[in-house]
Amino acid sequence: MPKKIISERALPRLLLRMLAIMIIPASLTYYAWHVATENLAQASQAKFETMALESERALRHRMDSYHQALLGGRGLVESAGSVSHDEWKAYVNALDVATNFPGINGIGIIEDVQKDSIKEYTQKELLNNNRLLNIHPDVSHNNYYIIRYIEPESINLPAIGLNIAFEKNRTEAADRARDSGKAAITKRILLVQDAQQTPGFLLLAPIYNPSMPINTAEQRQKAFLSWVYAPFIGKNFMNDLTESQGTTLNLEVHDGADDSEDSLIYKNSTDSAASTPLFTITKELQIMQRTWLIKWSSTASFESQTSNNEPLLIAVTGSFFTLLCGIFVVTSSIRNQGEVVLHRNRFLPAIGFCFISVATLFVYNIILQTENELISKDVKREAEVFRQVISSNVNNRIEALSRMADRWTTAEGSKRQYWQRDAQNLITDHPGLKVVEWVDPNYQVQWVEPLLGNERVVGLNILFNEERQKALEGAAAHDKVTLTPPLDLVQGYKAFISYFPVRKNGEFDGFIAGILSIEELMRDVLQGSNTSQFAITLSYDGAPFYHSNKTGSTETKLFFSEIIELHDKQWSLSVTPSASYLSQTQFILPETTLIIGFVLSLLIAQLIFTTQTAQQKTALVQEKENLLATFVRHTPAAVAMFDTDVRYLAMSSRWQKDYGLQDKNVIGKSHYEVFPEIPIHQSHWLVLHKRAILGEVIISEEEPFLREDGAIDWIRYELHPWSQGDGSPGGLIMFTENITERKKMDSMKDEFISTVNHELRTPITSIMGALGLLRAKNHKQLDPKSEKLLGLAYENSERLSYLVNDILDTEKIAAGKMNYDLKETEMVSLVVDIVEQNSSYAERHSVKFVTKNLVSAAYCNVDAHRFNQALTNLLSNAAKFSPTGEDVEIRIEITAEDMLHISVTDNGPGISKTFHSKIFDKFSQEDGSSTRTKGGTGLGLNITKTIIEAFAGEVSFVSTVGKGSTFSFHIPTIRGDRIKDIA
C-alpha cells in the first residue's frame, strides 16, 4: 500500500488545480452531449414531420375518394334526369360504403323545394316511390332543403325528410356548393341520426342541368337541380388514417382557425392528459372550401422509439475521462511535491488497457447488434412492401386476362376483329403485357396480337413436354388458370405465360394466353418504389430470373425472402439493402465507441504509467496539455480549440476528416490561413469569432460554407469561449457539423414519403359502382349474354374488393389497430337483417338461407358493423360450398349459461379432420379442386374468429366429410331481463 502524507496547506491548491484542468474536458463533454442530443432531436423531429405529412395526405386522399363517390352519384342524376328510390339504393349498395368508405354515414340526395310546393312535392314522392316523407322542421323562409334519399336508410332514418335549411351552417354550405359549382363541407355540426351527438359535418356536391351553362354563379343557380351529399361522424371518418395514428402520432382536428373545445371535430389520444408531447405540429388546411386546424402531437411510444443511448454514452465516457484527468492531476501533483510515495507496479498499465479494451468490445458488440436489428426490421418491412406491390400488380394483370377469357366464354367465341381490339386495349392498359394469344383446342397458337414481331409463334404447338401437357390439359378440364415458369421466349426476352381456358357451347375452345415480359413488368410495377436502396431478386424453384440494377450488401443477416403466390405458381422474392442504404442508415456510434474505447484504454495505460514516472512539475504540465489535446483529438465530433488569435491549439480527428486536414499540420496556424476563403466570402465569421472569444456563446443551426473550389457545404456550428486560469480570455472552442448529406437525405426521404400507396381500393370501388349502376339501370334492356357478362365482371370486382379488404383487416389485426365500436345491440333483428342483406348472394349460388329463431330478442355488447362482417363470412362460405338447391340454416338460441348461440349449417362437402386444426389460420384453404375452385383468400375465418373474440365470444365448428359443416358463434348476452324465449 502507498504511504500518503498530505499537508492541509497543499490541499486547497491541489483541488483548485484539479478543477481548473477538469473544466475543459467537462466542457467538451457537455458540448458533445449537447450536439448529440440536438442531432437526435432533429432526427426525431424529421421523422415526426414525415408522419404528420403522411397523415395530412391520407386525410386529403380520404376526402377526395369520398368526393369521387359523390361525383358518381351526381353523374347518375345528371345523365338520367331523375332517379327513383330503388335506383339510388342500387347505386349506393353497389358502392358498399360500409366497407369501401369507412367513416361515411351514407350517401343521399337533397332537393330545393319552395315552401308553397311542399304538399305537391310530398304527394309526388308518394306516387312515384310509395314513400310518405315527413318534412321537418318548418322554417320561416321560403326555401326548404329536403333530404329525399339517404342510403343505407336503416342508420339514417331521422335524416329522411329533414329540412337542412333549418340551421345556418348547413344552409351556408349548401348555398356555397350551389353557387361555386364545387363540393363544400359544413362547419362542425351534430348529425340528427347520431344518437351520441358527437361532432360531424356534411359534404355536399351540386347537381346541375347538363344542358344549361354554369360558367357564372347566376347561371349555376338557374341550372341547379339538387345536391348529392354525405354525412360524416368525425370520430368515424378520422379513425385509422395512417398506421401511426394512435400509436406514435395523435391527431386533433378543429373546424376553423381556433383550437377551442367548441370547434373540435376529432381528437384521439393514447397518453394521459398530464403528459406534454415533445413534438407538435399545427397547420391550417383548406378542405372542400372550409378551413380546418390540424394538430399532430407525438405519443410516449414514439418518443421512446426515437430515443437512443448515444448522448448518454458520450456523457458517461466524457465524465469518466474527466475524472481520470482529475486523478492524474492529483497523483502527479502529490508526487512532485514529495508528499506521497508511490509503489510502482508495471503490470497496472497492461491491466488497465486489457480491462477497458474488453469492456469496449462488449459495448461495441451490443451497440452493433442493436443497430443491425433496427436495420433488419426496416429491410423486412420494405421486403413485405415489395411483395405486396409485386403480388397485387401481377395479379391485376392476370385478372384482366381472366376477364377477357370470361368474355369469350360468355359470348361463346369471338370474331377476330373484336378479339383483336380487346387484346390491344389490354396491352395498352397493362404495361408488361407484351402479347395476347388465342390457342385453339388442339393447343396450337392461332391468333396473336400484336402480330408484328410474333409471326413465328402462329401455328406453334404449346405442348412442349409431358409436364406442360399434363398441366394444360388439367387446366382445360377443370377451368383453372395455369401459369408457366419464367421462360426464354423465341421473341428474345424472358417472360411467363398465363393460360386461361375458354369454352364455346359448353365445350373446351382453347386458351386465352397472355405473355408478360418480366423486365418490362417489373419496371412498371416497381416504378415509384424504393428500389434505389435495395437489390431485388425474383426466383422460381430456386433459379433467379430477375435482378434489379442495384448491388446488394454481402451481409447475409440483412437478407430477407418473401413468397409471392400467383395462382398455381410461387415466386420467391429476395430483398437485400444496397451499400448506399447501409451507409445512410448505419450510425457512427459503434465505430466511435470502439475508437473511443481503445483510445481510452491507451490513455488509461498511459495515465497510469505517467503517474508512476512523473517527477517534475514541468512534466506534469506537459502531460496535462497532451491529455487535453488527446481528448479533443478523439472526441466523436468535429471540435477544434483556438487561442485568442484564432490559431489552432487542438482539434479532433473528426474535424480533420470533415475539412480534409488529415495530412496537414495546422497546429499553431491561423484558422484564416488554413481557410483563406473565410475573410473573403464569410467575413461576418471574423466578427462572430471575436464575440465568442470575449465570452458570448454563438449557435447557428445551418449556414452555407463556400469552399475555396466553389463548392458549397452546409454546416451547423457552435462557438464557445474558454478562459485562462486567471479568468482572462483564452480563446474559443468551435464545434461544427457538416450537414450537407443530411439535407440531401432529408430531400430524398420527402420524395419517397410523397409516394401514395393507397391507390387500389378507389379504382375497384369505382368499377363496382359503375357495374352495379349498369346492372340496376339496364338489366331489362340487356340480352342474357350481356347481362351475364356484366354479372361476371361485377362478381370479379367484388371478389377483388373482398381480397383487398381482407388483407387490410388482417394487417390491422396484426398491428393491433382493429378498432371496435362496442354498443348494446339487439342481436335477433341484426342477424335477420344480415341474412336478408346476403340473400342475393345465396340466390347467386342457387341456395336459400333459412332462419330459425328460438328467441324473439337478445342483447349483446358488439360492434354491429364488425359482427355483420363476421356473420357474412360464414354465410358466404356456406352458400359457396352448399350443393345447388339446398338450404343453409341459420339458428338463433340462448344457452343455459345466457350465451347467445348463432349457428350456420350447410350440406356441403365438409372439412377433413386433418384440416380442423388449421381452419382458422391465415391464408388457410383445404387442398382439393372442390375447395380451390370456390375462390377466396383464406382470411375470412381468421378475421371472423378475431372479431368474435373481441366481443368476449367464441367461434366453434363441427363438420363431417360428405355431410356438411356447422359454424357457431357464442357471445355473452347482457340485460337478461329483456331476453325473450319463443315458446
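Placed above this text is the structure.
Just so it is clear, the structure is predicted and the values come from calculations on it, not from any experiment. (Residues numbered from 1 in each chain as written. Predicted model: local features only at pLDDT ≥ 70, side-chain atom pairs only at ≥ 80, totals over all residues. Heavy atoms only, no water.)

J.: Got a minute to help me understand the overall build of the protein chain in this structure?
T.: When its secondary structure is counted, the protein chain shows 28 helices and 36 strands. By residue count, 47% of the 983 residues in the protein chain fall in the buried class. For the protein chain, long-range pairs separated by at least 24 residues make up 66% of all intrachain contacts whose partners lie at least 6 apart in sequence. On the protein chain, roughly 48,300 Å² of surface is accessible, and the fraction owed to carbon and sulfur atoms is 53%. (Helix = DSSP H or I, 4+ residues; strand = E, 2+ residues; numbered from the N terminus. Buried < 20%, exposed > 50% of the residue type's maximum accessible area, 1.4 Å probe, protein only. Contact = heavy atoms within 4.5 Å. Areas by Shrake-Rupley, 256 points an atom, 1.4 Å probe, with all protein chains shown as cover.)

J.: Honestly, empty space enclosed by the protein in this entry has me stumped. Any pointers?
T.: Gaps left between atoms are located by rolling a probe of water-molecule size over the structure's atoms. Considering all chains together, one arrives at 4 cavities of 30 Å³ or more under this definition. Empty space within the largest cavity amounts to approximately 120 Å³. Along the walls of the largest cavity sit 13 residues, with His 671, Trp 685, Ile 715, Met 734 and Thr 736 positioned nearest its centre. Mapped onto the lining of the largest cavity, the elements with two or more residues apiece are α20 (684-693), β26 (712-723) and β27 (729-738). At 3 residues, the largest contribution of residues to the lining of the largest cavity is made by β26. Here the residues of the lining of the largest cavity are counted per class, giving 10 nonpolar, 3 polar and no charged. Of the volumes computed, that of the second largest cavity is approximately 60 Å³. Forming the walls of the second largest cavity are Ile 147, Ala 159, Leu 162, Ile 164, Arg 170, Leu 191, Val 192, Gln 193, Leu 202, Tyr 229 and Pro 231. (1 Å grid on protein atoms, 1.4 Å probe; cavity = no way out; pocket = protein on both sides within 12 Å on 5 of 7 lines; lining within 4 Å. Points joined across faces, edges and corners; volume = space filled by probe spheres on them. Nonpolar A, V, L, I, M, F, W, Y, C, P; charged D, E, K, R; others polar.)

J.: Quick question: what am I supposed to make of the sheet that holds strand β8 (residues 249-255) here?
T.: Where strands meet in a sheet, backbone hydrogen bonds hold them as pairs that are either parallel or antiparallel. A sheet is described by the order of its strands in space; here 4 strands give the open sequence β9-β8-β11-β10, paired in antiparallel fashion. Because the sheet does not close on itself, it has two edges, and the strands there are β9 (264-267) and β10 (280-287). Averaged over all pairs of adjacent strands, the angle between strand axes in this sheet comes to 20°, irrespective of strand direction. In this structure, β8 lies alongside strand β11 (residues 290-298), joined through 7 bridges in antiparallel fashion. Within β11, the residue paired with Asn 250 across the bridge is Ser 297. (Pairing = 2+ DSSP bridges. Axes fitted to C-alpha atoms, helices over the stretch in contact; angles between N-to-C directions.)

J.: I'm lost on helix α28 (residues 940-950) in this one. Help?
T.: Owing to its 3.6 residues per turn, the α-helix aligns residues three or four sequence positions apart on the same side. Among the residues making up α28, those that are buried are Gly 940, Leu 941, Asn 942, Ile 943, Thr 944, Ile 947 and Ile 948. Looking one or two residues past α28, Ala 952 carries a phi angle of roughly 65°, positive in sign.

J.: For this particular structure, what's the right way to read the nonpolar core?
T.: Here is a general trend for soluble globular proteins: nonpolar side chains tend to be buried in one another's company. Counting 46 residues, the largest nonpolar core has Trp 88, Ile 107, Phe 201, Met 238 and Trp 292 as the members making the most contacts within it. The element contributing the most residues to this core is helix α1 (residues 10-80), with 10 residues. Non-local contacts of Met 238, meaning those with residues more than four positions away in its chain, are made with Leu 59, Arg 62, Phe 201, Gln 245, Val 253, Ile 265, Tyr 266 and Trp 292. Val 436, Ile 512, Phe 560 and Trp 571 belong to the second-largest nonpolar core, a separate cluster that totals 45 residues. (Core = buried A, V, L, I, M, F, W, Y, C linked by side-chain atoms within 4.5 Å.)

J.: It is not clear to me how unusual backbone geometry should be interpreted in this structure. Could you clarify?
T.: Leaving glycine out, the prevailing phi sign among residues is negative, and the prevailing peptide bond configuration is trans. Look at the link from His 136 to Pro 137: it is a cis peptide, with omega at -15°. Relative to the helices and strands, Pro 137 resides in the loop between α4 (118-129) and β3 (143-151). One non-glycine residue with positive phi stands out, namely Tyr 443, at about 65°. Examined against the element boundaries, Tyr 443 turns out to sit in the loop between β13 (433-439) and β14 (445-449). Even without being a glycine, Asp 541 presents a positive backbone phi close to 55°.

J.: I keep staring at a nonpolar patch on the surface and nothing clicks. Help me out?
T.: Together, Phe 362, Val 363 and Ile 366 make up an exposed nonpolar region whose accessible area comes to about 270 Å². As for its position among the elements, Ile 366 is in helix α10 (residues 347-411). (Patch = residues over 30% accessible without salt bridge, like charges linked within 9 Å, V, L, I, M, F, W, Y side chains within 5 Å. Salt bridge = Lys/Arg side-chain N within 4 Å of Asp/Glu carboxyl O.)

J.: For this particular structure, what's the right way to read the pattern of salt bridges?
T.: A side chain of one charge can pair with a side chain of the opposite charge if their charged atoms are brought near each other. Using the criterion set out here, one finds 27 salt bridges in the structure. Put simply, Asp 658 and Arg 654 hold a salt bridge, and the shortest N to O gap is 3.3 Å. Separated by 4 residues within a single helix, Asp 658 and Arg 654 lie in helix α17 (residues 653-658), roughly one turn from each other. Take Arg 654: its relative accessible area is 29%, and that puts it in the partly exposed class. A salt bridge links Arg 891 to Glu 889; the nearest nitrogen and oxygen atoms lie 3.9 Å apart. When its relative accessible area of 27% is taken as the criterion, Arg 891 is described as partly exposed. Connected via shared salt-bridge partners are Glu 111, Glu 125, Arg 131, Arg 148 and Glu 153.

J.: Teacher, can you tell me more about the sheet that holds strand β25 (residues 698-706) here?
T.: Ordered by their spatial adjacency, 5 strands build an open sheet running β24-β23-β27-β26-β25, and the pairing between neighbours is antiparallel. Each of the sheet's edge strands pairs with one partner strand only, and the pair in question is β24 (648-651) and β25. Recorded for the sheet is a direction-independent mean angle of 25° between the axes of neighbouring strands. Two elements, strand β23 (residues 638-642) and β24, share 3 bridges in a ladder whose sense is antiparallel. The residue bridging Phe 642 from the neighbouring strand is Tyr 648, located in β24.

J.: Quick question: what am I supposed to make of the packing of aromatic side chains here?
T.: Two numbers describe a pair of aromatic rings. These are the distance of the centres and the angle of the planes. Counting across every chain of the model gives 30 aromatic pairs. For the pair Tyr 648 and Trp 655, a centre-to-centre distance of 6.4 Å together with 75° between the ring planes defines the contact as edge-to-face. Given a relative accessible area of 1%, Tyr 648 falls into the buried group. Each ring, one from Trp 685 and one from Tyr 717, has its centre 5.7 Å from the other, and the planes form 65°; the classification is edge-to-face. (Phe/Tyr/Trp six-rings, centres within 6.5 Å; stacked < 30°, edge-to-face > 60°.)

J.: Can you help me understand the side chain of Thr 825 in this one?
T.: Along the polypeptide, Thr 825 turns up in strand β28 (residues 823-826). Separated by 3.0 Å, the side chain of Thr 825 and the backbone oxygen of Lys 823 make a polar contact. When near neighbours in sequence (up to four residues on either side) are disregarded, Thr 825 contacts Leu 830, Ala 858, Tyr 859, Cys 860 and Val 862. (Polar contact = N/O pair within 3.5 Å; in protein donor to acceptor, adjacent residues only side chain to side chain.)

J.: Whenever I open this one, helix α2 (residues 85-95) confuses me. Can you help?
T.: Along α2, the residues that are buried comprise His 85, Trp 88, Tyr 91, Val 92, Ala 94 and Leu 95. The positive-phi residue at the C-terminal boundary of α2 is Asp 96, with phi of around 50°.

J.: How should the packing of helix α26 (residues 864-881) against α28 be read in this particular structure?
T.: The relative placement of two packed helices is expressed as an angle between their axes plus a distance between the axes. Between α26 and α28, the shortest axis-to-axis distance is 9 Å and the interhelical angle comes to 145°. Judged by the sense of rotation from one axis to the other, the crossing of α26 with α28 is left-handed. In this structure, α26 contributes Arg 866, Phe 867, Gln 869, Ala 870, Asn 873, Leu 874 and Asn 877 to the contact, and α28 contributes Gly 940, Leu 941, Ile 943, Thr 944, Ile 947 and Ile 948. (Left-handed = near helix turned anticlockwise from the far one by under 90°.)

J.: How should the environment of Pro 704 be read in this particular structure?
T.: Counting through the fold element by element, Pro 704 comes out in strand β25. Once residues lying within four places of it in the same chain are set aside, the contact partners of Pro 704 are Gln 682, Ile 712, Asp 713 and Trp 714.

J.: So what exactly am I meant to see when it comes to the packing of helix α24 (residues 827-837) against α26 here?
T.: At a minimum axis separation of 10 Å, α24 and α26 run at an interaxial angle of 50°. In terms of their interaxial angle, α24 and α26 are classed as oblique. The hand of the α24/α26 crossing is right-handed. Along its contact with α24, which presents Met 827, Leu 830, Val 831, Ile 834, Val 835 and Gln 837, the element α26 presents Ala 864, Phe 867, Asn 868, Leu 871, Thr 872 and Leu 875. A breakdown of the residues in the contact of α24 with α26 according to their chemical character gives 9 nonpolar, 3 polar and no charged. (Parallel < 35°, antiparallel > 145°, perpendicular 65-115°, else oblique.)

Any functional reading would require information beyond the geometric quantities listed.
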